[in-house]
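Per-entry structural report
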Amino acid sequence: MLLPLFAETCTANFCTCLSTMIYSFLFGYSPDNKFSLQTNPEPEAYDFIVVGAGAAGCVVANRLSEINDWKILLLEAGKEEPLRATIPAYAGSLGDTEFDWKYKTQPEKSAIGRNKQVKWPRGKIMGGSSAVNAMYYVRGSKEDFNNWERMGNPGWSYEQVLPYFIKSENNLDNKVVEANPDYHGTGGYLSVESFPYLTEPGKIALNAFQERGYKLLDVNAADQLGVAVTQMTAGNNSRSSTNIAFIRPIRAERKNLFVKSQALATKIIIDQKTNRATGIEYTSLKTGKTHKVSAKKEIIISGGVVNSPQLLMVSGIGPSDELRKHKIKVIKDLPVGKNLHDHVSAPGLSAKRQIKPKVPLTCENRLGHLFTYLATRKGPLSAISTVMLTGFAKTKYVENDYPDIQYTFDKLDDDEIAFKPILVTPKSRGYLALNVTDPVRGAPLLYPGYFTEEDDLDQLIAGIGLTIDILNSTVMRQNKFIFNDKPLPSCQRFKFNTYKYWVCFLQSKFNTDFHPVGTCKMGPEKDPTAVVDSRLKVHGIVGLRVIDASIMPTVTRGNTNAPSIMIGEKGSDLVKDDYSLE
């Protein structure tokens, strides 16, 4: 029925016009729309207000609304999740759109000179960054969580957080579950599946890793050092964001859950006599009107590593010197925005082979792939080809059996295999500051501190060496993939593959791996760098918690989506425990 309608309006180039209209439809249409009309009357006061419907916030809203007597409000600044976000191969297409906060880091001095500005895409959408990421499901290492507990956070050891990973998970790969039943769950809300296929270049890359001693394993089980077919937050080859997994199934069913999208929280309302958080002030981005809502029990901030500290600071909770600079009354002096850190990577390493030039995809090809996917959930759009494998290694700087390097791929094509080492144990720390002209609505100033600790530079360069070793393997050369050792034009003054050459290389090539954490650090009150305690309560403020990736004292070894979901699960139980006597 649609094709005749399109034919009437597409005359000059039918295919191009048709594809444009379909893509516009995919961006605009959201299955959430059928759930978004709130029919039950809103209460005068909620029991809990959750700010941010991201990786952790959607989990918190779901779990707290399991208590029928509690009324939960979930606020999200972004729009509903469009259909396009659910198609795996379109994962990167929402960057630099209205569904992205479009953050950028600030240039700063470091061990490699002056760091360049780096884009930090963050999801401004129901589901947050879980709706726009590459869908890796990687939990991190046992040591990550054991270290959190050693830093003064009881209850956060690996043994104590593993049940929360399992609780969320609905792993659809029977082989994975049967091989490691003590590490995986099948009854949770979050669909997880293994990458559905391996291409010829993918098989070559896997064999190259194995030739160099990397064992094939499940990185979410007993060991992490090795190479793996990637597990993804997906089901039936369709994205499983936390909005899709935790909110859509219950949104129309639970009358005690109220969801407001396009609602920008601008202030936490705090009674300054009692230092108790009592409500939220927010602006509807649909109408421009400002509203105030109150909570009888708690306010839970789940805005993520950038938005959570920003909201705390503009509400009077943060470093006193920073708040006074913006004429914000200091309610509680805390190191909000400090401890910012991220995974940094070294892209641009590849092995190439000479083959006949590819025939470019035509408009008709692209439409065919889309229709195939929409009809069958199969074809080239059913997965992101570069996500099929991931690996973990340790450099000479590591004494134990835990990784400091992760590998992900930039290309896995017939003519090129390119992957990058990522430093997953950074020592460098940065900070977040409020926007000078508009602290409330303006993008905060992000100083991630990349390479401000020289150890990070040394370890990443060691990771580059490990990467080159794999790209130079016999398997690669037998399949005519030859490591590209042509130096960067800007670094030709240095001998290739020397320390000085790689420092020069990183000056222009380094990038984020999109895993910033730490700006509302979890730690005991005696820790001068801590913002929340081990129960995720903000120090010195009653009725206020932060539950998201910003509480991580140190970043996990791997992608941060799965740990953020775990934090949402555990944080929800901490809340329930505190009100169990009522």
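The paragraphs below set out a description of the structure included in this document.

1. With respect to the overall build of the protein
Counting its regular elements, the protein contains 15 helices and 28 strands. Relative to its length of 582 residues, the protein is compact, with a C-alpha radius of gyration of 24 Å against a globular reference of 25 Å. Along the three orthogonal principal directions, the C-alpha set of the protein runs to about 70 × 65 × 50 Å. Of all 582 residues assigned to the protein, the portion counted as buried reaches 60%. The contacts of the protein with a sequence gap of at least 6 include a subset with a gap of at least 24, amounting to 69%. Accessible area for the protein stands at about 23,900 Å²; split by element, carbon and sulfur atoms hold 51% of it. For the protein, the distance from the average site of its 70 positive side-chain charges to the average site of its 62 negative ones is 4 Å.

2. Regarding the pattern of salt bridges
What the rule picks out here adds up to 30 salt bridges. R545 is paired through a salt bridge with E298; the nearest N and O atoms lie 2.6 Å apart. In this pair, R545 is assigned in strand β28 (residues 544–546) and E298 in strand β16 (residues 290–301), connecting sequence segments 247 residues apart. The same class applies to R545 and to E298, which are both buried. In this structure, R545 engages D578 in a salt bridge whose closest nitrogen and oxygen atoms are separated by 2.5 Å. With a gap of 33 residues between them, R545 in strand β28 and D578 in helix α15 (residues 561–578) connect regions that are remote in the sequence. A relative accessible area of 0% means that R545 is categorised as buried. Looking at D578, the relative accessible area reads 31%, which means it is partly exposed.

3. Section: empty space enclosed by the protein
As enumerated under the stated definition, the model contains 2 cavities of 30 Å³ or more in all. Of the pockets and cavities examined, the largest cavity occupies roughly 50 Å³. A class-by-class count of the residues in the lining of the largest cavity yields 5 nonpolar, 3 polar and 2 charged. The calculated volume of the second largest cavity comes to roughly 30 Å³. Taken together, Y137, Y164, F165, S168, L190, A562, I565 and M566 make up the full set of residues lining the second largest cavity. Looking at the lining of the second largest cavity residue by residue, the class counts come to 7 nonpolar, 1 polar and no charged.

4. Focus: unusual backbone geometry
Although it is not a glycine, K102 sits at a positive phi angle of roughly 60°. At N275, a position not held by glycine, the phi torsion is positive, near 55°. As for its placement among the helices and strands, N275 is situated in the loop between β14 (263–271) and β15 (276–284).

5. Some details on the state of the cysteines
Overall, the coordinates contain 1 disulfide when judged by the stated rule. With no disulfide partner, C58 has as its closest neighbouring cysteine sulfur the one in C520, 18 Å distant. Judged by its relative accessible area of 0%, C520 is buried.

6. What to know about the environment of S382
Of note, S382 is situated in the loop between α11 (363–376) and β21 (389–393). Judged by relative accessible area, S382 falls into the buried class, the value being 5%. Through-space distance from the C-alpha of S382 to that of E159 is 35 Å; in sequence the pair is 223 residues apart. Other than its neighbours up to four places away in sequence, S382 contacts P88, Y197, N237, Y373 and R377. Within the structure, S382 has its side chain in polar contact with the backbone oxygen of G379 (distance 2.7 Å).

7. Regarding the nonpolar core
Formed by 149 residues in total, the largest nonpolar core has its most connected members in I49, I280, L506 and L544. Per-element accounting of this core gives the leading share, 7 residues, to helix α12 (residues 454–471). Leaving out residues up to four positions away in the same chain, I49 has contacts with L73, L75, I280, V293, S294, A295, E298, I299 and I300. Grouped together as the second largest cluster of nonpolar side chains are 7 residues, L26, I87, Y90 and L370 included.

8. Some remarks on the side chain of T283
Within the element layout of this structure, T283 appears in strand β15. For T283, a relative accessible area of 5% gives the class buried.

9. Here we look at the environment of V176
As for its position among the elements, V176 is in helix α6 (residues 174–179). Once the C-alpha coordinates of V176 and N484 are considered, the two residues, 308 residues apart in sequence, prove to be 36 Å apart. With sequence-adjacent residues up to four places away left out, V176 is seen in contact with N171, H184, S194, D218 and Q231.

10. Some remarks on the packing of helix α4 (residues 142–150) against helix α5 (residues 158–168)
For the pair α4 and α5, interaxial distance at closest approach is 8 Å and the crossing angle is 120°. By the criterion of interaxial angle, the relationship of α4 to α5 is oblique. Between α4, through K142, F145, N146 and E149, and α5, the contact on the second element is made entirely by Y158, Q160, V161 and F165.

11. Remarks on the packing of aromatic side chains
This structure, assessed with the given rule, holds 27 aromatic pairs. Ring centres of F195 and Y197 lie 5.0 Å apart, and the angle between their planes is 70°; on these two criteria the pair is classed as edge-to-face. Ring centres of Y450 and F510 lie 5.5 Å apart, and the angle between their planes is 65°; on these two criteria the pair is classed as edge-to-face. Taken together, the positions of Y450 in the loop between β25 (445–447) and α12 and F510 in the loop between α14 (499–509) and β27 (511–512) put the pair 60 residues apart, joining distant regions of the chain. Classification of F510 by relative accessible area gives buried; the value is 0%. An aromatic cluster is present here, built from F145, W148, W156, Y158 and F165 joined pairwise through their rings. A cation sits over an aromatic face here: K116 above F510, 5.3 Å from the ring centre. Seen from the ring of Y431, K338 lies directly overhead, with NZ or CZ sitting 5.3 Å from the centre.

12. Considerations on the packing of α12 against α14
Interaxial distance between α12 and α14 falls to 11 Å at its minimum, and their mutual angle equals 100°. Comparing their axes, α14 and α12 come out roughly perpendicular. Between α12 and α14, the contacting residues are E454, L457, D458, L460, I461, I464 and I468 on the first element and Y499, W502, V503 and L506 on the second. Classifying every residue of the contact of α12 with α14 gives 9 nonpolar, no polar and 2 charged.

Conventions used here
Residues numbered from 1 in each chain as written. Predicted model: local features only at pLDDT ≥ 70, side-chain atom pairs only at ≥ 80, totals over all residues. Heavy atoms only, no water. Helix = DSSP H or I, 4+ residues; strand = E, 2+ residues; numbered from the N terminus. Rg over C-alpha atoms; globule rule 2.2 N^0.38 Å. Buried < 20%, exposed > 50% of the residue type's maximum accessible area, 1.4 Å probe, protein only. Contact = heavy atoms within 4.5 Å. Areas by Shrake-Rupley, 256 points an atom, 1.4 Å probe, with all protein chains shown as cover. Lys, Arg positive; Asp, Glu negative; His and termini not counted. Charge placed at Lys NZ, Arg CZ, Asp CG, Glu CD. Salt bridge = Lys/Arg side-chain N within 4 Å of Asp/Glu carboxyl O. 1 Å grid on protein atoms, 1.4 Å probe; cavity = no way out; pocket = protein on both sides within 12 Å on 5 of 7 lines; lining within 4 Å. Points joined across faces, edges and corners; volume = space filled by probe spheres on them. Nonpolar A, V, L, I, M, F, W, Y, C, P; charged D, E, K, R; others polar. Disulfide = S-S within 2.5 Å. Polar contact = N/O pair within 3.5 Å; in protein donor to acceptor, adjacent residues only side chain to side chain. Core = buried A, V, L, I, M, F, W, Y, C linked by side-chain atoms within 4.5 Å. Axes fitted to C-alpha atoms, helices over the stretch in contact; angles between N-to-C directions. Parallel < 35°, antiparallel > 145°, perpendicular 65-115°, else oblique. Phe/Tyr/Trp six-rings, centres within 6.5 Å; stacked < 30°, edge-to-face > 60°. Lys NZ or Arg CZ within 6 Å of the ring centre and 35° of its normal.

Just distances and angles here, no functional claims.
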